[in-house]
Amino acid sequence: GCDSGFGQATARHLDAMGFRVFASVLDLQGPGAQELRRTCSPRLTLLQMDLTKPEDIQHVLQHIQTHTNGTGLWGLVNNAGFNDTIADAELSPLGKFRTCMEVNFFGSLELTKGLLPLLRSAGGRIVTVSSPAGDLPFPCLAAYGASKAALSLLMDTFRSELQPWGIKVSIILPGYYKTGTTCDPAFWNLQKQRLVASLPQELLQAYGEDYVEEINRQFIQFMKVAVEDLSAVVNSITDGLLAANPAVRYYPGQGLGLMYFIHRYLPYFVRDLFLKGFFINPKLPRALQQEHTTTKKA
């Protein structure tokens, strides 16, 4: 996942350190790929890969095997991630859950399993970018969070199972950073319009279009706190690849220590209040507002 964000910054960083990098991108002619061609050495190899297409993954696996068969592969960085829905789980179409799982979980699983023989021969490393949304129930991130929860557990299982082979596995759980389309209000406004248009009438009546509008407004407001400097995440990924004893989990980003303390040690209602105050605090759905008004009048 090197078209933008953490993947692109890490590919540039590792190339500058002298490593041979295989960087996968969705579009070999896209701006991300062009940027890597412009800024990196000839050692870096760009490979086209869509993680939802098994034929793309197989092509990449064959290419890497051909070029590393004698040496093995030292490191795999699973970075590609997908989310285009900010809404309650009930409002999120089932297809969005499936797409998140295809990219964030099944794609990483297939690629990791395919590269394990090369990683085993080198006693290498697996570093995977997951998300705190896979550990904590962030409001309106059910599809994304569920896929990242599955990914984190999978990688923790790999960590335990691959210890006898000398392979070390680390998970990166970043705070909120400015990457790709994640901070583009126009993108999220379009997604909101598509979501509203796709909702069954009964569901739209129960929640109200203004409910979805308010969620989107709060999320766009939250985007303003996104950190532009990606170096803390790049450094965590690099440490996972190169440290003699890498951490099992890295938490680059501000506020994560407090968030996880609340999650682990305080009651659930405190955690839920914190996440709503920190991220998104949806208003009351339309049907509950009407019910509340009717009860007050009675």
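- As recorded by an unreviewed UniProt entry, the protein carries the name 11-beta-hydroxysteroid dehydrogenase type 2 and is attributed to Centropus unirufus.
- Turning to the protein, the UniProt annotation filed under Sequence similarities (unreviewed entry) states: "Belongs to the short-chain dehydrogenases/reductases (SDR) family."
- A UniProt comment under Pathway (unreviewed entry) is attached to the protein, and it reads "Steroid metabolism."

**Points about the pairing of strand β1 (residues 22-25)**
Then, number 1: Neither face of β1 is exposed, since Phe22 and Ser24 on one face and Ala23 and Val25 on the opposite face are all buried.
Then, number 2: Sheet topology note: the β1/strand β2 (residues 45-48) ladder contains 4 bridges and is parallel. In the sheet register, phenylalanine 22 faces β2, and the bridge partner there is threonine 45.
Then, number 3: Taken together, β1, helix α2 (residues 31-39) and β2 constitute a β-α-β crossover, and its handedness is right-handed.

**A word on the packing of helix α3 (residues 54-68) against helix α4 (residues 94-122)**
Then, number 1: Axis separation between α3 and α4 bottoms out at 10 Å; the angle between their running directions is 20 degrees. One element, α3, and the other, α4, form an angle in the roughly parallel class. Handedness of the α3/α4 crossing: right-handed. Note on element contacts: α4 touches α3 through Gly107, Glu110, Leu111, Gly114, Leu115 and Leu118, opposite Pro54, Ile57, Gln58, Leu61, Ile64, Gln65 and Thr68.
Then, number 2: Its residues assigned to classes, the contact of α3 with α4 shows 7 nonpolar, 5 polar and 1 charged.

**Considerations on the pattern of salt bridges**
Then, number 1: Inspection of every chain in the model, using the stated rule, returns 10 salt bridges.
Then, number 2: The partner of arginine 249 in a salt bridge is aspartate 135, with the nearest N and O atoms 2.9 Å apart. Of this pair, arginine 249 sits in strand β6 (residues 249-250) while aspartate 135 is found in the loop between β4 (125-129) and α5 (142-161), placing the two residues 114 residues apart along the sequence.

**Re the packing of aromatic side chains**
Then, number 1: Summed over all chains, the structure comprises 13 aromatic pairs.
Then, number 2: Between tyrosine 176 and phenylalanine 222, the aromatic rings sit 4.9 Å apart at their centres with planes inclined by 35 degrees, giving tilted as the arrangement. Highlighted residues: tyrosine 176 in the loop between β5 (168-172) and α6 (185-198) and phenylalanine 222 in helix α8 (residues 209-222), separated in sequence by 46 residues.
Then, number 3: Given the relative accessible area of 22%, tyrosine 176 is considered partly exposed.
Then, number 4: In this structure phenylalanine 222 comes out as buried when scored by relative accessible area, which is 9%.

**Points about the environment of arginine 43**
Then, number 1: In this structure, arginine 43 sits in the loop between α2 and β2.
Then, number 2: Looking at arginine 43, the relative accessible area reads 36%, which means it is partly exposed.
Then, number 3: Sequence separation of arginine 43 and threonine 112 is 69 residues, and the distance between their C-alpha atoms is 22 Å.
Then, number 4: Arginine 43 has contacts with Asp15, Gly18, Phe19, Arg20 and Val21, leaving out every residue within four places of it along the chain.
Then, number 5: Reaching out from arginine 43, the side chain makes a polar contact with the backbone oxygen of phenylalanine 19 at a distance of 3.3 Å.

**Points about the packing of helix α1 (residues 5-16) against helix α9 (residues 231-242)**
Each packed pair of helices is defined by two parameters, the angle between the axes and the distance between the axes.
Then, number 1: Packing of α1 against α9 brings their axes to within 9 Å, and their N-to-C directions diverge by 55 degrees. Classified by the angle between their axes, α1 and α9 sit oblique to one another. Crossing of α1 against α9: the hand is right-handed. The residues of α9 that touch α1, namely those facing Phe6, Ala9, Thr10, His13 and Leu14, are Val233, Val234, Ile237, Thr238 and Leu241.
Then, number 2: Residues of the contact of α1 with α9, tallied by class, amount to 7 nonpolar, 3 polar and no charged.

**Some remarks on the pairing of strand β3 (residues 75-78)**
Then, number 1: Of the two faces of β3, the one lined by Leu76 and Asn78 is fully buried and the one lined by Gly75 and Val77 carries no buried residue.
Then, number 2: Pairing analysis gives 4 bridges linking β3 to β4, with the strands arranged parallel. Bridge pairing in β4 places glycine 75 opposite arginine 125.
Then, number 3: Note on the crossover from β3 through α4 to β4: the handedness is right-handed.

Conventions we followed
- Residues numbered from 1 in each chain as written.
- Predicted model: local features only at pLDDT ≥ 70, side-chain atom pairs only at ≥ 80, totals over all residues.
- Heavy atoms only, no water.
- UniProt positions renumbered as here; feature names shortened; annotations may be inferred.
- Buried < 20%, exposed > 50% of the residue type's maximum accessible area, 1.4 Å probe, protein only.
- Helix = DSSP H or I, 4+ residues; strand = E, 2+ residues; numbered from the N terminus.
- Pairing = 2+ DSSP bridges.
- Right-handed = clockwise from strand over helix to strand, strands pointing away.
- Axes fitted to C-alpha atoms, helices over the stretch in contact; angles between N-to-C directions.
- Parallel < 35°, antiparallel > 145°, perpendicular 65-115°, else oblique.
- Left-handed = near helix turned anticlockwise from the far one by under 90°.
- Contact = heavy atoms within 4.5 Å.
- Nonpolar A, V, L, I, M, F, W, Y, C, P; charged D, E, K, R; others polar.
- Salt bridge = Lys/Arg side-chain N within 4 Å of Asp/Glu carboxyl O.
- Phe/Tyr/Trp six-rings, centres within 6.5 Å; stacked < 30°, edge-to-face > 60°.
- Polar contact = N/O pair within 3.5 Å; in protein donor to acceptor, adjacent residues only side chain to side chain.

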